[in-house]
Amino acid sequence: MTIPRQLGPDSGPRTALPDYSRSSATVERMVSDLRRGTRGKVRRGATRVLLPAAGTRDTVIRAVIAALLLGGAFLSTVVILLLVLGLEDGRSPGLGLLLVLLSLAGLGVLLALLGLRFALVALATARSRVELSEHGLRVVGALRSRDVAWRDVQAIESRVVHPVHWLTAALRLRDGSRVVMPAFDRHIWTWPQPSGQDIRALRLELRAQEKSARRAF
């Protein structure tokens, strides 16, 4: 296969291409060079940012769910107050009413906890990102961020169960701890699906950094 030296019409200005005819350059080498630029080791001084796949949509969905749940908790509290205030002076609630009040109180607490959870995750979705550089990763969450060096990362886990983020991804560190990455929080209907391209890119970058560290020694 002949690789053209120039592109453009014969009668007009033409664009010169690199000379791939010298040495052992081939089409496969050209493709490999392109892939290395997008999938290989992060270039010196460069920073790559990984964001939620559908950040705006997920933020809106979680914020709406949080509002509905917190609204339900508030409504339960109002009903409890109305029932208590409706009692005649000096009378205690009967067993049936007491059971209703306890049920409403339990429901209100559950709705409030779920609402706060979804509000926190909505904030995390709006702010979260993972920044990759030659030195390590910066994981940004809802309330804080954390810097992790590549040498401290042992593996990238894509199916981590967390009490707040539920199914998400995390960095497993060599000391046994985990750093949750809220940018990869998943909806219930996406749980059976395999991990996305960003997780694979993280794992490729981790392997590239490990190879680079071994060569340095």
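Everything discussed here concerns the structure shown above.
Residues numbered from 1 in each chain as written. Predicted model: local features only at pLDDT ≥ 70, side-chain atom pairs only at ≥ 80, totals over all residues. Heavy atoms only, no water.

Q: With reference to specific residues and values, describe the packing of aromatic side chains.
A: When we look at a pair of aromatic rings, we describe it by the centre distance and by the angle of the planes. Enumeration according to the criterion identifies 1 aromatic pair in this entry. Both rings, one in phenylalanine 118 and one in tryptophan 166, keep their centres 5.6 Å apart while their planes meet at 85°; by these two values the pair is edge-to-face. Of this pair, phenylalanine 118 sits in helix α3 (residues 95-127) while tryptophan 166 sits in strand β8 (residues 166-173); the two residues are 48 residues apart in sequence, bridging distant segments of the chain. For tryptophan 166, a relative accessible area of 25% corresponds to the partly exposed category. Positioned above the aromatic ring of phenylalanine 118 is the side chain of arginine 117, whose terminal nitrogen or guanidinium carbon lies 4.7 Å from the ring centre. The lysine or arginine in question, arginine 117, covers the ring of tryptophan 166, its NZ or CZ lying 3.6 Å from the ring centre. (Phe/Tyr/Trp six-rings, centres within 6.5 Å; stacked < 30°, edge-to-face > 60°. Helix = DSSP H or I, 4+ residues; strand = E, 2+ residues; numbered from the N terminus. Buried < 20%, exposed > 50% of the residue type's maximum accessible area, 1.4 Å probe, protein only. Lys NZ or Arg CZ within 6 Å of the ring centre and 35° of its normal.)

Q: Give me the environment of threonine 47: which residues, what numbers.
A: Topologically, threonine 47 is positioned in the loop between α1 (27-39) and β3 (48-50). Spatially, the C-alpha atom of threonine 47 lies 9.4 Å from that of leucine 137, the residues being 90 residues apart in sequence. Not counting residues up to four positions away in its chain, the partners in contact with threonine 47 are Glu131, Leu132 and Ser133. (Contact = heavy atoms within 4.5 Å.)

Q: Hey, could you go over the pairing of strand β5 (residues 136-140) for me, with residue numbers and the actual values?
A: With 4 of 5 residues buried, β5 is to be regarded as a mostly interior element. Summarising the sheet, strand β4 (residues 129-132) and β5 pair through 4 bridges and their orientation is antiparallel. Bridge pairing links glutamate 131 to arginine 138 in β5. The turn joining β4 and β5, which pair antiparallel and follow one another in sequence, is formed by 3 residues. Where β5 and strand β6 (residues 145-149) come together, 5 bridges link them in antiparallel fashion. Residue leucine 137 lies in a different strand from β6, and its bridge partner there is valine 148. Remark: 4 residues form the turn of the hairpin made by β5 and β6, two consecutive strands paired antiparallel. (Pairing = 2+ DSSP bridges.)

Q: Give a detailed account of the sheet that holds β4, specifying residues and quantitative values.
A: Pairing between the strands of a sheet comes from backbone hydrogen bonds, and it takes one of two forms, parallel or antiparallel. If you trace the 4 strands from one edge of the open sheet to the other, you get β3-β4-β5-β6, paired in antiparallel fashion. Of all the strands in the sheet, the pair left with one neighbour each is β3 and β6. If you compare each strand with its neighbour and ignore which way they point, the axes differ by 20° on average. (Axes fitted to C-alpha atoms, helices over the stretch in contact; angles between N-to-C directions.)

Q: So, the sheet that holds β8: which residues are in play, and what are the values?
A: The strand order across the open sheet formed by 3 strands is β7-β8-β9, and the pairing between neighbours is antiparallel. Bordering the open sheet on either side are β7 (153-162) and β9 (178-181), each of which pairs with just one other strand. Strand-to-strand twist in this sheet, taken as the mean axis angle between neighbours without regard to direction, amounts to 30°. The pairing of β7 with β8 spans 7 bridges and is classified as antiparallel. Looking at β8, one finds that valine 161 is bridged to leucine 167.

So far we have only geometry, and geometry alone does not tell us how the molecule works.
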